[in-house]
Structures are given as structure tokens and as C-alpha cells.
There are 2 protein chains.
Amino acid sequence: MTAEIICVGTEILLGNIVNTNAAYLAEKLAASGLDCYYQTVVGDNAERLAGVLKCAMERSDVILLSGGLGPTEDDLTKETVAKVCGKKLSVDDHSMERIAEFFAVRDIQPTENNWKQAMVPEGAKVLDNDNGTAPGIILETEKNRIVLLPGPPAELIPMFEQQVISYLDALTPGVICSRMVKLCGVSESQVEDTLKDLIDGQTNPTIATYAKTGEVHIRVTASGENAKAAGKTIKPIVKELKSRFGGDIYSTREETTLEMAVADLLLANDLTVTTAESCTGGMIAARIINVPGVSECYKAGLVTYSNKAKRKFLGVRKSTLDKYGAVSSKTAGEMAKGAALLLKADVAVAVTGIAGPDGGTEEKPVGLVYIGCCVKGELTVKEYHFSGTRSQIREATTSAALILMRSCILKYFSKVTFGKK
Amino acid sequence: MTAEIICVGTEILLGNIVNTNAAYLAEKLAASGLDCYYQTVVGDNAERLAGVLKCAMERSDVILLSGGLGPTEDDLTKETVAKVCGKKLSVDDHSMERIAEFFAVRDIQPTENNWKQAMVPEGAKVLDNDNGTAPGIILETEKNRIVLLPGPPAELIPMFEQQVISYLDALTPGVICSRMVKLCGVSESQVEDTLKDLIDGQTNPTIATYAKTGEVHIRVTASGENAKAAGKTIKPIVKELKSRFGGDIYSTREETTLEMAVADLLLANDLTVTTAESCTGGMIAARIINVPGVSECYKAGLVTYSNKAKRKFLGVRKSTLDKYGAVSSKTAGEMAKGAALLLKADVAVAVTGIAGPDGGTEEKPVGLVYIGCCVKGELTVKEYHFSGTRSQIREATTSAALILMRSCILKYFSKVTFGKK
């Protein structure tokens, strides 16, 4: 079964916003086992939208539309879809009540326009919107299944997860299940090389890799008669991935981020942690603190951007700075040790580097970064060479720092057998 | 003249990556005065790409394609475009030399595949790629202008800026110029209300608003016979915007970010700055440090996530924490004052808040944030109520902190007359 995505919105056509809905829906379609061959963006224009929709209805079975369900005159996705499918719009009492309630709870007076959002094509299934006033709609024709979703991701995503995924899953025979395996510290090409024999000629399960900064995610997807059967198909592949990648796998859960995995490791081992950052200037701390409940292990950290601050707070020696420079393995090491001492933390990570665009020399080019990690007095310092813009170098450094922390803690506790690199 | 965008890549269809190229190209097309009514994504599949291309060639004048110019067999954008346009591919010696040089400089042996990238449709204009091996291509047919660009943004963007914008500008009669006016601390609806009379019935210049976290950007675009004429059309509107929004405008330059504007203000007034962050955990420092050359004014900062750290480093009083709690106006104020003192900084900004998802109470709900800013001993503390996910609340807090810093510095120096809020 094939599907395609149509995103409606002049703000996307003008480049005002990045089309994250398309990426979200695309990943979900793939996970549901539907083949998606096209994504289209079209403005809030009835004629052009109708043209795009007719073309999609010819070539695909399922069509997901997002956007254009708002209360204003510009919003005409629902009206256009109904017209193309030859359906009339009529008031849906249930949606009417929900819209009234939405405004009552917020103590706001709805405008006349808002009631337009309760109009639904005849025979359509209504999807409740828990985070806004525009209900979603599923309209089935002889050939197509058309799903209308609100544009704002905060409304679209919960609606999709709660009400659309199960609908799509039921369209394909049997069920589709998938399992995420998340790796850090390996490149996508390394992963693809290692998986080549598994990926070649794959049918069920399928293996797809997704590259993120410092990370590679592998999704294993299988179809089966039921969840148990699909799970049975996935299991040996996940086992094989574990044996091939070992300690490079930081999680096999969809929701777990790298910083969550690091925080879990800290909390599980009763370790406190601190950060001392130069070129990343707070980005490592910010990512760790994005994990809810991390206050148990993260008490405080420092941004020491100047040499003076590195000396004053972290006790980096003047002789070290003079002899080796601020961007050096020695300085990174002293920063990590100094931070651990000052903040009485079990684990300290410290970074110093040249993020550019200026400040590079032949000897120390832009992108040169040193990261030091101290676990209960045991120090590791690594040298890195990143490329890209200032932001990209800082982001790559942040990920590398989390990855180094993770591997140093694991090494210290030797609780995990490391796989081949 | 109309244009459309076709992005080629199975990784976009699978939701592996977000299509930022489309947003980038869309904004540039709008700035060039070309009307873009469609964006399409299609996989690396010759038949489907040909279908999409033929449809685009029917309905639009200019077609921008990105992706599928790589060296592998999967990459077939160039081959497909040539076939649809009835053009043969032949070796381009200039591109051949550049590819050879690209590898020689990097001391890498090119593979047989790489030479495929030097093949160019007959009669096409070649666009040099300074950041990769795939040259760009402009192919003109009787009806269409087709521009082929490499997929990686690090290759696409410089190529587009240096070689394509001038080409597109020359297609429309006269020139299109635009000017960006960037505001902070006002909502998009406030801006739209204030601009309603200017936006209604606009033709030349046009005014478009773009909402970002804590910011609104207004782009004024005008066409004219030449740059001088277009500039003359834009000037009175920019003047009007300045008179309507006054001090809420932080820049009228495209490249200037909010953190750059704050850094400029600090540097211009010889002020040093520090940060003391609780719920944002380093995000404010990270944004300030994203400005190159900011080391002149930013020496060091603190992440004080625990109460103990707030007391130990910033000297927040135990009685304050006991009586008012960590998330209180009092604590934010003492944090800012303490940070200024500890780090001997002219300006200190401090935040404390509840980012969620847990930790909220009826009295202090998730999203409650206090930001304190101290400028040469003068303290301002403000209360905020943000909504959304933990990340969204932290991002909104970070922007609000930069905005508060800016307004406190301006107030202190009273160098700018404030416009109405």
C-alpha cells in the first residue's frame, strides 16, 4: 500500500517555517509499513490544492494532509478535499461541543469563525484535537483514504500518535512493529559497512539507518500476523546488532536520548557530575539538564571562556597555558580535574577548542578540540578534529563530550563488554 | 515569473532528515521576487523523478532541484533531467580538473564513480562547487530554466549565494531588494495588528512577518528598475517601522541575531557580562558564546542547578530559599547580584524556573520563570509564564533572558528612545 504527504501552507512555501511535519509523518509512514514516494507542499489556494490532491489520489492509496484547518477564510483544506471527493460539509455536534468547551476552559469568547472548524464532510470520521480547536478528519473514498491533520506540530503529533497510527496499521495486513537501536561514537559509513550483509536483499525485517550528530540510529521494522510474530522476526536482528556493535549501543528504546542514557548511567551508579566548558559555553550542561530529574546528579557547572576564568575557578596552571596554550590536551585535563575538585563531583567533563570562524592557526586549526573527562580521579583526554560552521563544531563537540563521558564511566565500572569499533 | 522546488532524496521520504533545503530555497525565491507555488520531494527513482519534473516544467518557469548529484549509481538527478530535456551528457573538462584537484588537496584517491560527477548535459552552464565534488548545473530549455544543486546544505548554500542568486535576479525585470527588520519582545499578533494598514493591499513593497521564539522578523521586499529605485521604495517603510516599533527593533540587518545584538551592545559600551542559570542550564551562555569574538566581554558563567550551588557560588541566602523558594523573584535577584559580584561583571543575568514536565504546583506551575538582570548594580527582575515542552520552555526562557538583558542595558544608558509596546 502506498501513501503520500501533502502539507498545506503559504508559510512553508515562503520559507517562513521548516516543514518538520513532513519529516515526522514520513518517519511514521515508514514505521507503519506504507511506501511513501512523494511529499508535496502547496499554498492555501483552492485550485492548486485541488490539482495536487487529484494527482495524489491517482497515484497513492493513502493521503495525509496537514495544515489549512484553521478558522480563517484562508484555511480551506477541508472545503477543498470535500469538493474534490464530492462530499457536502455539515455541522458535527460532537466537535461543536468540544470547541465550546475548549474556549470555556480558557475563559475566551470564540469568534464566529471558530464554528467553521466544526464542519465535517459527510461520512467522515472525526479525530478529536486535545490541543486545539481544529478536529482531524478521515475521509474514505472508493480508492483512497484521506487523513486531514492540523498544521501546528503540538496538535498534529498527539493526534497522530493517539488516533491515526492504529488506523494506518490496520490498513496493512497483519501488523508492523519496529525497534530502534541507537549507537554513539560510530560513523554512518562504519555502521553501513558493518551491516552490509544484513541490509543487502532485506525484505522482512528491514533495516534503516539514520545519521545524527555523533550518533547513528538503526530502525529494525518487521511485519507479521500479529505483534508477537513481528517481534519474533525483529528479535534475532536486534541480538545480532548487539553482538556486532556491543557497547556502542546506548539504547534500544525509541524515546531515550544520548543525554538520557548518560544521566541514567550517572544515577544508576550514584555519581555526581559537573561540566567545565570553553568553546561549547554551556551547551553540554544544557543538554544534560534537558533530562527531567537530573538534579539528583547535576548540581552545578562552569563556563570558563577566558584563560583567567580557567585559572581562577579551575586552577589551570599559568605554566600550562603559557607552554601548551588554552587549546591543548594539558589544559583540558587540568580543567576536568579542577572542576571535579571545585564541585566535588565524581565525574567532570571539560572542553576547550577552536570553534572558529577566526582564531585558527596552521598548528591549531579551527575545529581542533580537546575533551577531558575525569571519573573518580581517573583522567582521559581526547583530541578531535571537527569541521563546519561555528555552530556545527560546537554541536559536534557537545555530542562528543557526552559520548566520552559515557565511555569513561563504562570503562571505570567495566560493566559492559565493549564491542569492536 | 513562477518557480518551484524539487528535492530529490529517499532519506527525506523516509523522514531520515528534515528538508531544510526547501525552506532555504523557498525564502531565497521569495526574496528574488519569484512566485513559488509548489515544493515536491521525490526519491532517487528515475521514473518518478521524471514524472514530477515533467509536471513542474508544465506549470512553472524556473525549477530548482536539489540532491541526487552524488557519485553513486543511486544518484540520477542529472541523468533524468538530461533525458527529460532530450540532452546528451558529456565530460566537462573544467569539472574533471576541479574534481581531481579536490582529491589531490585532500590526499585521497578518487574512485571510478567520482568521474561520473564531471558529466554535464550539453549546452548547460556549470556551477563550481567549492565544498564538494558535484558541480551544479543550469540547463535552459525553450520554456524552462532548470537549476541542479547538490543536496548537502554545506555545498548547496554557498553555491546558491555565489552563483545562483544573481542568475535568478536577472530573470525578473528590474531588481528585487529586501530589507530585514528584526524585533524582540513583541508577539507576532501584536506586530500584525500594528502593521495591518501597511500590509492590507500591499503590492510594492510587500511586508512579510516571520515568528521566531521571542522574536518577530519583518521582511520588506521591493522591486524596482535598479537597486537604487528599489531601495527608495523600501526606505520609507523601514522608517515607518522604526517609528512604530522603536526600541523593540534590535537590528535591520539580515545576518544579525539577537545574541549578536546583545554582544554588540555590551562591546560598544565596554561592558563585561556573566550568566547564572538554573532551569536553562547553560543555554543562555551557549547562545552568547555562539557570537564570534565575544570573549572580549564574556569571561565566565555558572550553571547553578541545585539550591546548594546557588548558595555556595552566588551567595543566595538560605532564608530567601526557605521563605520564597528557589523559583522566586527574590532568588532570581540574589542570583543576578551574586553572579555580578563573584565574576566582577558589569552585567549579570540569572534565571530560575520550572521547566517541567514535573515539579509544578498549583501555586508555582510548570512554565513559571523568573529572570533577574543586574546592570552596574541596578537590578530588574521579571516574572514569566511560558508553556510547551521542557525544551520549549527552556528556549523561550533563553530568548527572554537575552531580551531582558538588552532592555536593561538600553534603559541604563537611555541611549535609545523606547517605542510603544
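Residues numbered from 1 in each chain as written. Chains lettered and ligands numbered in written order. Predicted model: local features only at pLDDT ≥ 70, side-chain atom pairs only at ≥ 80, totals over all residues. Heavy atoms only, no water.

Caption draft 1: Region of interest: the overall build of chain A. On a plain count of helices and strands, chain A comes out with 14 helices and 17 strands. In terms of overall dimensions, chain A has C-alpha extents of about 80 × 50 × 40 Å along its principal axes. The buried share among the 421 residues of chain A stands at 52%. Pairs at least 24 apart in sequence give 68% of the contacts found in chain A among residues at least 6 apart. For chain A, the accessible surface area stands at approximately 18,300 Å², while carbon and sulfur atoms represent 50% of it. Positive and negative charge centroids in chain A, built from 48 and 51 side chains respectively, lie 10 Å apart. (Helix = DSSP H or I, 4+ residues; strand = E, 2+ residues; numbered from the N terminus. Buried < 20%, exposed > 50% of the residue type's maximum accessible area, 1.4 Å probe, protein only. Contact = heavy atoms within 4.5 Å. Areas by Shrake-Rupley, 256 points an atom, 1.4 Å probe, with all protein chains shown as cover. Lys, Arg positive; Asp, Glu negative; His and termini not counted. Charge placed at Lys NZ, Arg CZ, Asp CG, Glu CD.)

Caption draft 2: Highlighting the side chain of Arg 406 of chain A. All names here are of chain A. In this structure, Arg 406 sits in helix 14 (residues 390–413). Although Arg 406 is buried, it makes no salt bridge; Asp 248 carries the closest opposite charge, 5.8 Å away. For Arg 406, the side chain forms a polar contact with the main-chain oxygen of Ile 249, separated by 2.9 Å. Residues within four places of Arg 406 in sequence aside, it is in contact with Cys 184, Gly 247, Ile 249, Tyr 250, Leu 258, Val 262 and Leu 265. (Salt bridge = Lys/Arg side-chain N within 4 Å of Asp/Glu carboxyl O. Polar contact = N/O pair within 3.5 Å; in protein donor to acceptor, adjacent residues only side chain to side chain.)

Caption draft 3: Structural detail: helix 4 (residues 77–84) of chain A. Along helix 4 of chain A, the residues classified as buried are Thr 77, Lys 78, Thr 80, Val 81 and Ala 82 of chain A. Note on helix 4 of chain A: the residue one or two positions beyond its end, Gly 86 of chain A, has a positive phi of about 70°.

Caption draft 4: Examining the interface of chain A and chain B more closely. The interface is formed by 60 residues belonging to chain A together with 61 residues belonging to chain B. In total, chain A and chain B occlude about 4,600 Å² of area from one another, counting both sides; carbon and sulfur atoms represent 57% of this. Contact with chain B buries surface across chain A, with Gln 39, Ile 289 and Tyr 305 of chain A losing the most and accounting together for 13% of the total. For the pair chain A and chain B, the number of links is 0 salt bridges. Run the count over chain A and chain B and you get 26 residue pairs in polar contact (both at pLDDT 80 or more). Ranked by residues supplied to the side of chain A that touches chain B, first place goes to strand 2 (residues 35–42) of chain A with 7 residues. Looking at the side of chain A that touches chain B, its residues break down into 34 nonpolar, 18 polar and 8 charged. In terms of strand pairing, strand 2 of chain A meets strand 2 (residues 35–42) of chain B through 5 bridges, oriented antiparallel. Its bridge partner being in strand 2 of chain B, Val 42 of chain A is matched across the sheet by Tyr 38 of chain B. (Buried area = accessible area lost by both parts, 1.4 Å probe. Nonpolar A, V, L, I, M, F, W, Y, C, P; charged D, E, K, R; others polar. Pairing = 2+ DSSP bridges.)

Caption draft 5: Inspection of the nonpolar core at higher detail. Membership of the largest hydrophobic core comes to 52 residues, with the highest contact counts inside it found for Leu 149 and Leu 168 of chain A together with Leu 149 and Leu 168 of chain B. Judged by nonpolar contacts, the second largest core, of 42 residues, contains Ala 355, Ile 371, Tyr 384 and Ala 400 of chain B. (Core = buried A, V, L, I, M, F, W, Y, C linked by side-chain atoms within 4.5 Å.)

Caption draft 6: Spotlight on the environment of Asn 21 of chain B. Residue and element names in this part refer to chain B. In this fold, Asn 21 is placed in helix 2 (residues 20–31). Accessibility expressed as a relative area gives 8% for Asn 21, which makes it buried. C-alpha of Asn 21 to C-alpha of Glu 4: the two residues are 17 residues apart in sequence and 13 Å apart in space. Those residues in contact with Asn 21 that lie beyond four places of it in its chain are Ser 66, Gly 151, Pro 153 and Leu 156.

Caption draft 7: Quick look at the pairing of strand 15 (residues 347–353) of chain B. Residues and elements named next belong to chain B. Counting buried positions along strand 15 gives 7 out of 7 residues, so the element sits mostly inside the fold. Because side chains alternate across strand 15, one face comprises the buried residues Val 347, Val 349, Val 351 and Gly 353, and the other comprises Ala 348, Ala 350 and Thr 352, equally buried. Relative to strand 15, strand 13 (residues 273–277) is paired through 5 bridges, and the arrangement is parallel. In the sheet register, Ala 276 faces strand 15, and the bridge partner there is Ala 350. Direction of pairing for strand 15 relative to strand 16 (residues 368–375): antiparallel, over a ladder of 7 bridges. Across the sheet, residue Val 351 finds its bridge partner in strand 16, namely Ile 371.

Caption draft 8: Expanded view of the pattern of salt bridges. Within the structure shown, the criterion is met by 32 salt bridges over all chains. A salt bridge links Lys 116 of chain B to Glu 79 of chain B, with the shortest nitrogen-to-oxygen separation between them at 3.8 Å. Of this pair, Lys 116 of chain B sits in the loop between helix 5 (93–106) and strand 5 (119–121) while Glu 79 of chain B sits in helix 4 (residues 77–84), and the two are 37 residues apart along the sequence. With relative accessibility at 26%, the residue Glu 79 of chain B sits in the partly exposed group. Salt bridges sharing common partners tie together Glu 27, Arg 219 and Glu 254 of chain A.

Caption draft 9: Fine view of the UniProt feature "domain: MoaB/Mog" (unreviewed entry) in chain A. Feature annotation in UniProt places "domain: MoaB/Mog" (unreviewed entry) on residues 4–171 of chain A, given in this structure's numbering. Between the end C-alpha atoms of residues 4–171 of chain A there is a gap of 15 Å, over a span that is 42% helix and 22% strand. (UniProt positions renumbered as here; feature names shortened; annotations may be inferred.)

Caption draft 10: Geometry of the environment of Ile 17 of chain B. Here Ile 17 of chain B lies in the loop between helix 1 (10–13) and helix 2. Residues Ile 17 of chain B and Tyr 298 of chain B lie 281 residues apart in sequence; the distance between their C-alpha atoms is 35 Å.

Caption draft 11: Structural view of the relation of the copies chain A and chain B. The two copies are related by a screw operation: chain A maps onto chain B through 180° of rotation and 0.2 Å of translation along the axis, at an RMSD of 0.2 Å. On this basis, the relationship between the two copies can be described by a two-fold rotation axis. Residue by residue, 100% of the interface of chain A is reproduced at the interface of chain B, so both copies engage with the same surface. (Least-squares fit on C-alpha atoms with pLDDT ≥ 70 in both.)

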